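# Descriptive analysis of the structure
These are the residues of each chain, in order.
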Amino acid sequence: MAVIGKIYGYKAHPKVSRSLAAAKINGVELEVSKCSVMDGDNLKPEYTSKFPLGRIPGFEGTDGLKLIEARSIARYVAGLSDNAKLLGTDKNSEAEVEQWISFGDEELFNPVSALLQFYWNRLPYNKVAEQKAWDRFHASLAYLEAHLKKQTFLVGHRITLADLTVASDLQFAYLRVAGQEVRDKYPNVSRYYNTVINQPTVLDVYAGNGDLLAENAKFVPPKKEPKAAAAAPAAAAGAAAAAAPAAAKKADKKKDNDDDDDDTPKPAPAPKHPCASLPASPFIIDEAKRNYSNWDTPDFLKWFYENFDKQGWSIWRFDFKYNEELNMVFMSANQIGGFFDRLEASRKYVMGAGGVYGVDKNSKIAGAIILRGDDPNVVLGVAPDLESYAVTPLDPFNKADDKKFFEEALAWEGEIDGLKYNQGKFLK
Ligand SMILES: N[C@@H](CCC(=O)N[C@@H](CS)C(=O)NCC(=O)O)C(=O)O
């Protein structure tokens, strides 16, 4: 089979799988070059030098063609042969194919993606927005259900790129947010999904991408309550409260009840971060972050050991305390991402890397953090979930075990208790 090029992303991603399926049907080979958003591959210079927006998928053809945007990549692949007529058979069906591709992305993928922002702790939880996304997703499924009552495929009587796109988007939804209840509610959609993904030519593309959810996904609040933030210094506690959903809700409620009169006491300006008053340090954290992003880890470490200021900064290891509760690796990775996001108020005083070691249902979370001063509670206490982590000092300058852990954590490799490094996050 002729190799036409590489698509950057991963097989189970709906913006990738549609192109892989089109390639199979057209009898051409499309290689997958792993580029994971969870692992931060999309922001590494190797990728952004080719695709500056840092989004997946990207496509690089053997003939030099470079494309971004999932739809255009899939359209290109689908158009490489005329035999299967993946793009339609005449002007009308071509427009219908385009209509369903747009529907798949805008009306199925986008609401699912909106829900995942909350479920993966990427955005502060908002119940109204969550409900709106579910409503939009259900309205789309109901529309699709009605169309598929009399149709085997979306356009005409043969499979098209519309089906490969919508089936890919449905798989994403069934794997990430929609449980059996949703699949039962829309039986024609479920039947259609199974028909498309089980076509012998595309079976490999859709098989092995994970188990469909039994229950609908829902929002699980981060473990620790904001009360622990009170233990952190006053400045830090203020920022933590702003980040915690419960506290934010309370604040909103208060705001609703407040009169808007001029004589209403105005909130005091946010106090300075306690680290702001520490004596100046020659170790510049922004420079460290830049070097870590742009250089290979060994080069970064060499620079780090030569430039680190032990008086002004300290190095720590963090270990999640409740590893037995961890489930899917991608969820653990999101948990680390959420923890790092909630360190926002201390961003100028911290950098590090956290990783998931192991596999689905058997993993641990740990990482290394460089922070200003010598008290991790001051810097990390802004994150309400700090309580869920054990934080211990690391001395890579004098202790071999600490050096090994520190260097491997920054290189996103190594293992803990026999569990191999799986994926990591950069605290920047
Ligand atoms: N319009 C683009 C969207 C691509 C996109 O947003 N991809 C996401 C993954 S679904 C991504 O790469 N996100 C990483 C980021 O924005 O940093 C397309 O349809 O291809």
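Treat the numbers as computed from the prediction; the structure is a model and nothing was measured.

Turning our eyes to something else, we now look at the sheet that holds strand E7 (residues 362-372). Across the sheet, six strands lie side by side as E8-E5-E7-E6-E10-E9; this open sheet has antiparallel pairing. The sheet is open, and its two borders are formed by strand E8 (389-393) and strand E9 (415-416), each paired with just one other strand. Across two bridges, the pairing between E9 and strand E10 (residues 419-427) is antiparallel. Bridging across to E10, Ile416 finds its partner in Leu419.

Right, let's get into the site of the ligand. As a structural note, the neighbourhood of the ligand is formed by Lys15, Val37, Asn42, Gly54, Arg55, Ile56, Pro57, Glu69 and Ala70. Of the residues that constitute the shell around the ligand, the class distribution is four nonpolar, two polar and three charged.

Quick look at the pairing of strand E2 (residues 29-34) now. Relative to E2, strand E1 (residues 3-9) runs parallel, the two sharing six bridges. Across the sheet, Gly5 pairs through a bridge with Leu30, a residue of E2. With helix H1 (residues 14-26) bridging E1 and its parallel neighbour E2, the resulting β-α-β unit is right-handed.

Another aspect to go through is unusual backbone geometry. The peptide bond linking Ile56 to Pro57 adopts the cis configuration, its omega dihedral lying at 5°. Turning to its location among the elements, Pro57 is positioned in the loop between helix H2 (45-48) and strand E3 (58-61). The residue Glu69 is not glycine, and still its phi comes out positive at about 75°. Looking at where Glu69 falls in the secondary structure, it is placed in the loop between strand E4 (66-68) and helix H3 (70-78). Taking the number of C-beta atoms within 10 Å as the measure of exposure, Glu69 has 14 and is therefore partly exposed. The phi dihedral of Trp412 falls on the positive side, at around 60°, and the residue is not glycine. With respect to the secondary-structure elements, Trp412 resides in the loop between helix H16 (400-411) and E9. Residue class for Trp412 comes out partly exposed when judged on the 19 C-beta atoms lying within 10 Å of it.

Summarising the model, the protein chain shows a mean pLDDT of 89, and 89% of its residues fall at 70 or more. When the criterion is pLDDT under 50, residues 225-266 qualifies, and its contacts beyond four places in sequence or with other chains add up to 58 contacts.

Next up on the list: helix H6 (residues 161-176). Its 16 residues place the ends of H6 22 Å apart at the C-alpha level, agreeing with the 22 Å of an ideal helix rising 1.5 Å per residue. Here H6 lies mainly inside the structure; 14 of its 16 residues are buried.

On to the sheet that holds E2. Read from one edge to the other, the open sheet built from four strands follows the order E2-E1-E3-E4, with strand pairing classed as mixed. Both outer strands of the open sheet, E2 and E4, are each paired with one neighbouring strand and no more. The average angle at which neighbouring strand axes cross in this sheet is 20°, direction not considered. Taken together, the three bridges between E3 and E4 define a ladder with antiparallel strand orientation. Bridged to Glu60 within E4 is Lys66. Sitting on the sheet, H1 touches E1 and E2, and the angle it makes with E2 is about 155°.

Attention now moves to H1. A rise of 1.5 Å per residue sets the reference length of H1, with its 13 residues, at 18 Å; its end C-alpha atoms lie 18 Å apart and thus fit the reference within 8%. Taken across its 13 residues, H1 has 13 buried, putting it largely inside the fold. After H1 finishes, the residue Gly27 shows a positive phi value of roughly 70°.

It is worth spelling out the packing of H6 against helix H8 (residues 187-197) at this point. Orientation of H6 relative to H8, taken along the N-to-C sense of each, is 115°, at an axis distance of 10 Å. Here H6 lies roughly perpendicular to H8, going by the angle between them. Read as a crossing pair, H6 and H8 show a hand that is left-handed. Here H6 contributes Asp163, Ala167, Leu170 and Gln171 to the contact with H8, which in turn contributes Val189, Tyr193, Val196 and Ile197. Taken together, the residues of the contact of H6 with H8 sort by class into six nonpolar, one polar and one charged.

Following both chains from N to C, one finds H1 and H3 inclined at 5°, their axes separated by 8 Å at the closest point. With respect to each other, H1 and H3 are oriented roughly parallel. Packed against H1, whose contacting residues are Lys15, Arg18, Ser19, Ala22, Ala23 and Asn26, the element H3 presents Ala70, Ile73, Ala74, Val77 and Ala78 at the interface. Its residues assigned to classes, the contact of H1 with H3 shows seven nonpolar, two polar and two charged.

Analysis parameters
- Residues numbered from 1 in each chain as written.
- Predicted model: local features only at pLDDT ≥ 70, side-chain atom pairs only at ≥ 80, totals over all residues.
- Pairing = 2+ DSSP bridges.
- Helix = DSSP H or I, 4+ residues; strand = E, 2+ residues; numbered from the N terminus.
- Near = placed C-beta within 6 Å.
- Nonpolar A, V, L, I, M, F, W, Y, C, P; charged D, E, K, R; others polar.
- Right-handed = clockwise from strand over helix to strand, strands pointing away.
- Buried ≥ 20, exposed ≤ 12 C-beta atoms within 10 Å, placed from the backbone.
- pLDDT = per-residue confidence, 0-100.
- Contact = placed C-beta atoms within 7 Å.
- Expected span 1.5 Å × (residues − 1).
- Axes fitted to C-alpha atoms, helices over the stretch in contact; angles between N-to-C directions.
- Parallel < 35°, antiparallel > 145°, perpendicular 65-115°, else oblique.
- Left-handed = near helix turned anticlockwise from the far one by under 90°.

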